[in-house]
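# Observations on chain architecture
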Amino acid sequence: MWFELFLETRSYTDQEAAFIERNLPNPPYKKVLDLCCGEGRHTNYLSQKGYEMVGVDIDEEALAIAARNSSVSTKYINKDMRALKEIAGQFDGIISLWQSFGYFDENTNQEIIRQISNKLSERGRFILDVYNRDYWMVNQGERQFEKKTIAIRSENRMIGKRLRSSLTYGNGLGSDVFEWRLYTQEELSALGERFNLRLLLACTEYNEKTPISAGKPMMQMVFEKSSAPS
Ligand SMILES: C[S@@+](CC[C@H](N)C(=O)[O-])C[C@H]1O[C@@H](n2cnc3c(N)ncnc32)[C@H](O)[C@@H]1O
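Quantities reported herein were computed from a predicted structural model and do not represent experimental measurements.

Rules used throughout
Residues numbered from 1 in each chain as written. Predicted model: local features only at pLDDT ≥ 70, side-chain atom pairs only at ≥ 80, totals over all residues. Heavy atoms only, no water. Phe/Tyr/Trp six-rings, centres within 6.5 Å; stacked < 30°, edge-to-face > 60°. Helix = DSSP H or I, 4+ residues; strand = E, 2+ residues; numbered from the N terminus. Buried < 20%, exposed > 50% of the residue type's maximum accessible area, 1.4 Å probe, protein only. Lys NZ or Arg CZ within 6 Å of the ring centre and 35° of its normal. Near = heavy atom within 4 Å. Polar contact = N/O pair within 3.5 Å; in protein donor to acceptor, adjacent residues only side chain to side chain. Areas by Shrake-Rupley, 256 points an atom, 1.4 Å probe, with all protein chains shown as cover. Nonpolar A, V, L, I, M, F, W, Y, C, P; charged D, E, K, R; others polar.

## Points about the packing of aromatic side chains
Per the counting criterion, the structure on display carries 14 aromatic pairs. For the pair F19 and Y206, a centre-to-centre distance of 5.3 Å together with 90 degrees between the ring planes defines the contact as edge-to-face. With F19 in helix α2 (residues 13-23) and Y206 in the loop between β10 (197-203) and β11 (218-225), this residue pair connects regions lying 187 residues apart in the sequence. By the burial criterion, F19 is buried, and Y206 matches it. In this structure an aromatic cluster arises from ring pairing among W2, F3, F6, W98, Y103, F104, Y131, Y135, W136, F145, F178 and W180. K31 extends its terminal NZ or CZ atom over the ring of F91, reaching a point 4.8 Å from the ring centre. Taking the ring centre of Y183 as reference, the NZ or CZ of R181 above it sits at 4.2 Å.

In structure tokens, the structure reads:
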């Protein structure tokens, strides 16, 4: 239900992809892996712009839609992000967009960052778009709204550093529950440093000039690989 109701109503792809193009200019950044690519909205867009794209996701149905919408030869791989190291080759860029990081425990999330770093070529870049914990700390609670005529009740609760987000759909359509470890800019910057990823840029609204703030739910961070894999 989540894909059906939320993904299609998200119309920011052009702005987000333009940010990727500015921060991963091709050349020299040509080979890019879209980690947790979902239905491939960025993967296919960037592919059409001349990038050599590989999209990775655990959801087979989403990948089938991504492949169907792809007009050029984009490679899609069905894989759990924890097994990123099994994907062949090195990449000039890796992107992880729309809160697709933090699903696991502390060590596993760190291991994913390590694998991302190891998959990047020297000076390769990693672009991360995630929730800002500072925002969610003060924006918890319940909300009722409608999408595509379906009534939705959402509840967002922080449990320690983790956000539990549940969505209950009207018309007997069931529910979805998501949970992530949320980070602050400082925490992610320190995590990147541990694995040779140096923070180049941090902003919000996919606008390099807009600083991260507790008033905005998302943040974008651009890291650069600074030395040999760990
Ligand atoms: C919020 S969606 C974002 C999709 C896409 N990046 C976008 O912006 O449209 C999160 C994606 O992460 C994928 N995902 C969740 N857990 C995963 C895992 N362990 N390994 C790979 N993909 C995963 C989901 O299937 C979903 O497509």
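On we go.
## Topic: the site of the ligand
With respect to spatial proximity, 19 residues lie near the ligand, and among them C36, R41, D57, M81 and L97 are the closest. In this structure, a nitrogen atom belonging to the ligand sits 3.1 Å away from a main-chain N or O atom of L97. Compared with its free state, where it exposes 590 Å², the ligand has 92% of that area covered by protein. For the shell around the ligand, the elements supplying multiple residues, two or more each, are α1 (2-7) and α3 (41-48). Ranked by residues supplied to the shell around the ligand, first place goes to α1 with three residues. Among the residues forming the shell around the ligand, the class breakdown is 11 nonpolar, three polar and five charged.

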